[in-house]
Each structure stands twice: as C-alpha cells, then as structure tokens.
Amino acid sequence: ERPVLMPDATPVLALTIGDPAGIGPEIVARTLADPPEGVDARGVAVGDSEVVRRAVQVCGLDVEVVPVPGIADARGAPGTIDVVDIGVVGEQLAWGEVSPVAGQAAVTAIEVATRAAMDGEVAGIVTAPINKEAIWAAGSAHLGHTEMLGQLTGSARFNTMFVVQGLKIFFTTRHTALRTALDGVTRQTVGTAIAESWTALKVLGHGEPRLAVAALNPHGGEGGSFGDEEVSEIGPACDDARAAGRGVVGPIPADAVFHQGLQGRYDAVLAHFHDQGHIAAKTVDFEGAITVTMGLPILRTSVDHGTAFDIAGSGQASHRGMAAAFTAAARYAPFVGAMRAEYGG
C-alpha cells in the first residue's frame, strides 16, 4: 500500500530544519545532499533558504540550495536541495544562541510541514530538533514538538514511540518530574498506555502484536517487597489487557525486558517514565534511536537528540540520526492511510 493521496509516486517527505541556530540545518542539509542508500523517498527541506545555504557552506557540501514557494514546486534535481522558504529569518543569526526569531522560524516550519502533511502533499514529516526556550520566547505555549503537532492536527491521542534497532518503545508517562511520573503509574494509565500502544502496533502492520510491559521497581518489586506497583497497578492492567484479547506479557523487570526485546522476543516494550525508556534506547544506539509520534493523522518521525548549540555552525554534527529518521519515515509511509483511518484527519 502506497501513501494516502500519492498512490503512484515516490513518497515525498518534508524535513523541518528545527532551530536555525542549532545543528538542525546542518543535519538536514547533509541528509538531503547524501540521502540514505536504498530508501525510496524524496526529501524537501522546510525553513529559511538562507539558513540552509549557510549550513551547506559550513558543512562543505557541493550542492545548490533552491528556494521554492511550495512542495509542489520542488523538483528534486540531482545536486540540489529544495527548500520551501518560510521567510522568517531576515538576518543572519548567531550560532548556538537562543532567540525569539529562531524560535518563530522553528514553529513556522512545523506549521508549514504539518499543513502539507494534512493536505496530502507529503507522505510525512521528519523534524530536526527545536529549542524549547526559543519557541517559548517566540510566544509558543507548547512544551515541545509533540504537543504542537497534537494541536495542529486536532489530535488528543498523541504518544511517543521510540525505535531503536527495530525495537519499539512506548511510555505510560512522558515529560514530567520523576516523583509525579511514579504517582502517575496506575492501573488506569497503564491500561490506557497498553491500549494505545497495541493500536499503534496494529496501525503499523503488526497483525498480532507482541507487547511487553516493563516493571517499575527493582526485580519487579519481588512480590511487593520492593514496592507494590506491580501487584496493585501494573499487573492488574496487564490482566485487563489479556482479558480484552491483547497478548500482553508482563510486568517484566526493566533490567531484562529491553534486552529481550532487542533479541526479538517482543515487537515493543511499554516503559513507564521518560528515562526508563530513553536510557535503554540511547545506551544501545544514541545517534540511531529515533522517535515516531503515534496518535496523529499524519506521519512524523524525528531525531532523538537536541539542538547541540555547543557545536552548531562547526560542520561537525553527525547526521546519522536524521538519516535514520528519514529512513523510518520512508518505511512507515505506506501506513499513512491506516493512521488517518484510526486517528482521524
């Protein structure tokens, strides 16, 4: 199955350049100048063309930056990078510094790319990192990319899925203090996370998903000796899921479940708080771990690292994560129709 509204074409992906003062422009430029081999997709940058041109220069790339007014105008000619020019950055920004102009440019690029995805002009969007302080300085009230995309697409079901070496990782709680997150691990929240994770796996083509649920406490709580969440909350949520016909396994001690998943025993693992899943994924492959935002009627993948202001403008930033996110978007593009059917839009 090909992407929705693009039945006979190579998928086109919109790559937002992120914060113009960070490494986003560089890693997008490198990815589009040298796309991953064997990937059946074409990329178009979304941002200010002069910012991309500066990134091309600092990276020493032998490509021409071609500003275009819209996705339909991009031609993808060899040796060029097409950029849907958003016209926000009017003067050269200092590398590695927070500014409201950079924040506004990051937000505008996301808005333009999301609109193109909602209209079916692109099969999906691939996002470079933004700086939260900068978007807040520009007036945005969102915590980050995911919340912004939820509002732009009218979705309240959005959730983060990590992918590392083929293993998918979901989360019961997300960006919140650890103490708050622990209180947020309840039978209801774990049950909801299981249901949404299960749905996401089905949307992505897993006919009979194999989902493992991590434990919260050391050794899985040892029957309540090291904490009773497994007995009182997580275990019952797993029982509820199995009673509903979902083949969920768990809770499994967190020091084993990710390893088991990477060995192929499970398609995905449900982690319960931010660092439980992030540390596991990033320790295995920091640059290769990427995120997919599920629960949206559009496809969105992203790098899982920040703006790296300390090396921005040096041309040293690795684009491996962006290349992996681009590859993942091409891989999941055939499921855009299923995403729209399940999540609306």
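Not measured: the values here are computed from a predicted model.

### A word on the packing of aromatic side chains
For step 1, the next point in the chain: In total, this model carries one aromatic pair according to the counting rule given.
For step 2, the next point in the chain: Centroid distance phenylalanine 162 to phenylalanine 171: 5.5 Å. Interplanar angle 80 degrees. Geometry classified as edge-to-face. Just as phenylalanine 162 is buried, phenylalanine 171 falls in that class too.

### Overview of the sheet that holds strand 4 (residues 80-85)
For step 1, the next point in the chain: Judged by pairing direction, the sheet is mixed, and its twelve strands sit side by side in the order 3-4-2-1-5-12-11-6-7-10-8-9 without closing on themselves. The strands lining the two open edges of the sheet, one partner per strand, are strand 3 (64-68) and strand 9 (248-252). Here the strands of the sheet are splayed against their neighbours by 30 degrees on average, with no regard to which way each runs.
For step 2, the next point in the chain: Looking at chain direction, strand 1 (residues 12-16) and strand 2 (residues 42-47) are connected through five bridges and run parallel. Its bridge partner lying in strand 2, valine 12 is registered against arginine 42.
For step 3, the next point in the chain: The strands touched by helix 5 (residues 145-153) are strand 5 (124-127), strand 6 (159-164), strand 11 (290-294) and strand 12 (300-303); relative to strand 12, the strand with the most contacts, the crossing angle is about 165 degrees.

### Thoughts on the environment of histidine 259
For step 1, the next point in the chain: In this structure, histidine 259 sits in helix 9 (residues 254-262).
For step 2, the next point in the chain: On a C-alpha basis, the gap between histidine 259 and valine 284 in space is 9.6 Å, while along the polypeptide they are 25 residues apart.

### A word on the pattern of salt bridges
For step 1, the next point in the chain: Tallying each qualifying case throughout the model produces eight salt bridges.
For step 2, the next point in the chain: Salt-bridge contacts for arginine 53 lead to glutamate 50; the nearest nitrogen and oxygen are separated by 2.3 Å. Of this pair, arginine 53 and glutamate 50 are both found in helix 2 (residues 49-59), three residues apart, which corresponds to roughly one turn of the helix.
For step 3, the next point in the chain: Given the relative accessible area of 52%, glutamate 50 is considered exposed.
For step 4, the next point in the chain: Measuring nitrogen to oxygen at the nearest pair gives 2.8 Å for the salt bridge that ties arginine 320 to aspartate 285. Note that arginine 320 is positioned in helix 11 (residues 320-332) and aspartate 285 in the loop between helix 10 (274-284) and strand 11, a separation of 35 residues in sequence.

### Focus on the side chain of threonine 307
For step 1, the next point in the chain: Within the secondary structure layout, threonine 307 lies in the loop between strand 12 and helix 11.
For step 2, the next point in the chain: Of the residues examined, threonine 307 reaches a relative accessible area of 9% and is grouped as buried.

### Things to note about the nonpolar core
For step 1, the next point in the chain: If you look at the biggest cluster of nonpolar residues, it comprises 92 residues, and the most contacted ones within it are Leu13, Ile81, Ile194 and Met294.
For step 2, the next point in the chain: At nine residues, the largest contribution of residues to this core is made by helix 3 (residues 100-118).
For step 3, the next point in the chain: Ranked by size, the runner-up nonpolar core spans 16 residues in total, among them Phe162, Leu167, Phe171 and Ala212.

### Focus: the confidence of the model for the protein chain
For step 1, the next point in the chain: Per-residue pLDDT for the protein chain has a mean of 90; in total, 97% of the residues score no lower than 70.
For step 2, the next point in the chain: Low confidence marks residues 1-8, where pLDDT is under 50. Its contacts with residues over four positions away, or in another chain, come to 22 contacts.

Calculation criteria
- Residues numbered from 1 in each chain as written.
- Predicted model: local features only at pLDDT ≥ 70, side-chain atom pairs only at ≥ 80, totals over all residues.
- Heavy atoms only, no water.
- Phe/Tyr/Trp six-rings, centres within 6.5 Å; stacked < 30°, edge-to-face > 60°.
- Buried < 20%, exposed > 50% of the residue type's maximum accessible area, 1.4 Å probe, protein only.
- Pairing = 2+ DSSP bridges.
- Helix = DSSP H or I, 4+ residues; strand = E, 2+ residues; numbered from the N terminus.
- Axes fitted to C-alpha atoms, helices over the stretch in contact; angles between N-to-C directions.
- Contact = heavy atoms within 4.5 Å.
- Salt bridge = Lys/Arg side-chain N within 4 Å of Asp/Glu carboxyl O.
- Core = buried A, V, L, I, M, F, W, Y, C linked by side-chain atoms within 4.5 Å.
- pLDDT = per-residue confidence, 0-100.

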